[in-house]
Amino acid sequence: MQNADKTLDFQIVGGKKLSGKIKTNPSKNGAMGLLCASLLNDNKTILHNIPQIEEVKRILEVFESIGVKLTWISKNSLEITPPKNYKMGNLSIDSAAKIRSALMMIGSLVHKVPKFNLPHAGGCKMGNRTISAHRYALENLGVKITTKEEYYEININKFKKNQEIIMYESSDTATENALICASLIPGITTIKFAPPNYQVQDVCFFLEKCGVKIEGIGTTTLVVHGVEKIDTEIEFYNSEDPIESMMFFSAAIVTNSELTVERCPIRFLELELYKLKKMGLKFTKSKEYFSKNQRTILSDITIFPSKLTAPPDKLHSQPYPGINVDNLPFFVPICAMAKGRTLINDWMWENRAIYFTELNRLKGNIVLLDPHRVFVYGPTKFKAAQIVCPEALRPAMIIMIAMLGATGTSILRNVYSINRGYEEIAKRLNSIGADIKIIS
């Protein structure tokens, strides 16, 4: 994996057709939730389908710093052995500060350590992102989070049993935190207004494997029957990433290619595909089958070259089952291929829409209306340029996709943001016809 301090660039010769088949990799977001949930177990946990990406590397650096033993038993299978005593004073502040997902450690660690500190949340630079949903959910269970100037102070005196939690907002990570924490509180915890997104479901499936009964998986109300202890060898498979599937759909559309994307978590892509169908996209869907976790339903999707028309209504994300907030940016280069004007409203994140205008450097026609909304005009013929990756995963990726469709040779500088979420993405895209060189 790329060293976090080493700057790498991509040189992309655009205008190449993609073809053949590409498999959807395991989920970044699912992996982060499963890794944090694994700390509940006092015994060994083996997690399969853990992507070797920078985001995972950072959380594992944190794990090792506090005494967790980690062994890669194959490329994407990780054995996790907890310490008898966590060394929270040795926590890698630098690594924890780079990822927002470190917050999900709270739900597990409060059962192992009564008081500890975590640095302020990191991750993508997309404006103000509070931890209110985490704080309020965990307060219901007896966990106190105090915000200091440079860190969060976490305390637990006594857990609260048989609580009802109303999620302050539809936050996937906050819901996972509440699920993880509630799992080791005997009694019944009810979590309402929980987003039933793929990573939340994955954590539920894992906790069930640990012996925790959870009612309502796939709905907005989860009932957790907590247990006294989890101390058994667990083996679990992370599911595939619907956001990566959508990325490949977008790349195929922008390059006007025929491409089969295998192992797509279809339940978390149906609305996106339906919107694309209404825009004129031609595609086929294979018979459905199960992921290795025997819970997630997959399908192979073949995208065909199509003439697209801008949708008559705005495109915006919603908590599942709406358009996934991480899938919405991939509609930006897609809509740039469509005839007409599309309004895209990225209401959930502060300032992320500003990054969408980076495609104008590639001769796109995107007009920023406010920090959340853009007009995308098409059809567009992207042309090569040099651009520095924004510190935001999905906006960085849509620049790369536009470069794949642009005539000429583009340079994408400092691709750490992309390597946070995509494993060997240049090599994998090259395998289906792209022309990408990694340069220092």
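Residues numbered from 1 in each chain as written. Predicted model: local features only at pLDDT ≥ 70, side-chain atom pairs only at ≥ 80, totals over all residues. Heavy atoms only, no water.

A. Layout of the pairing of strand 5 (residues 77-81). Where burial is concerned, most of strand 5 is hidden: four out of the five residues are buried. Here strand 3 (residues 45-48) pairs with strand 5 via three bridges, running antiparallel. Bridging from a neighbouring strand, Ile46 pairs with Glu79 of strand 5. (Buried < 20%, exposed > 50% of the residue type's maximum accessible area, 1.4 Å probe, protein only. Helix = DSSP H or I, 4+ residues; strand = E, 2+ residues; numbered from the N terminus. Pairing = 2+ DSSP bridges.)

B. Region of interest: the sheet that holds strand 3. Here we have four strands laid out as an open sheet, ordered 4-5-3-13, and mixed in their pairing. A strand with exactly one partner marks an edge of an open sheet, and here the two such strands are strand 4 (69-74) and strand 13 (234-237). Neighbour to neighbour, the strand axes of the sheet diverge by 20 degrees on average, direction disregarded. In this sheet, strand 13 lies alongside strand 3 in parallel orientation, the contact comprising four bridges. When the sheet's bridge partners are listed, Thr45 is paired in strand 13 with Ile234. Contacting strand 3 and strand 13, helix 7 (residues 198-209) crosses the sheet at an angle of about 155 degrees to strand 13. (Axes fitted to C-alpha atoms, helices over the stretch in contact; angles between N-to-C directions. Contact = heavy atoms within 4.5 Å.)

C. A look at unusual backbone geometry. That bond from Tyr320 to Pro321 is cis: its omega, 20 degrees, falls within 30 degrees of zero. Secondary-structure assignment places Pro321 in the loop between strand 18 (315-316) and helix 10 (331-337). Cis geometry is found at the peptide bond from Gly378 to Pro379, where omega equals 0 degrees. The residue Phe193 is not glycine, and still its phi comes out positive at about 60 degrees. By the element assignment, Phe193 lies in the loop between strand 10 (187-192) and helix 7. Positive phi values are uncommon outside glycine, yet Gln294 reaches one of about 65 degrees. Within the fold, Gln294 resides in the loop between strand 16 (289-290) and strand 17 (297-304).

D. Broad picture of the pattern of salt bridges. Across all of its chains, the model carries 22 salt bridges by this definition. Ionic pairing is found between Glu288 and Lys285, a salt bridge with its closest N-O pair at 3.5 Å. On the accessibility criterion, Lys285 (44% relative accessible area) is partly exposed. Residue Asp326 pairs with Arg352 through a salt bridge whose shortest N-O separation is 3.9 Å. One end of the pair, Asp326, is in the loop between strand 18 and helix 10; the other, Arg352, is in helix 11 (residues 352-356), with 26 residues separating them in the sequence. Accessibility expressed as a relative area gives 0% for Arg352, which makes it buried. (Salt bridge = Lys/Arg side-chain N within 4 Å of Asp/Glu carboxyl O.)

E. Structural view of the side chain of Ser239. Within the secondary structure, Ser239 is located in the loop between strand 13 and helix 8 (242-254). By relative accessible area, which is 1% here, Ser239 ends up buried. A distance of 2.6 Å separates polar atoms of two side chains, one belonging to Ser239 and the other to Asp202. In contact with Ser239, other than residues within four places in its own chain, are Pro26, Ser27, Asp202, Ser291, Asn293 and Thr296. (Polar contact = N/O pair within 3.5 Å; in protein donor to acceptor, adjacent residues only side chain to side chain.)

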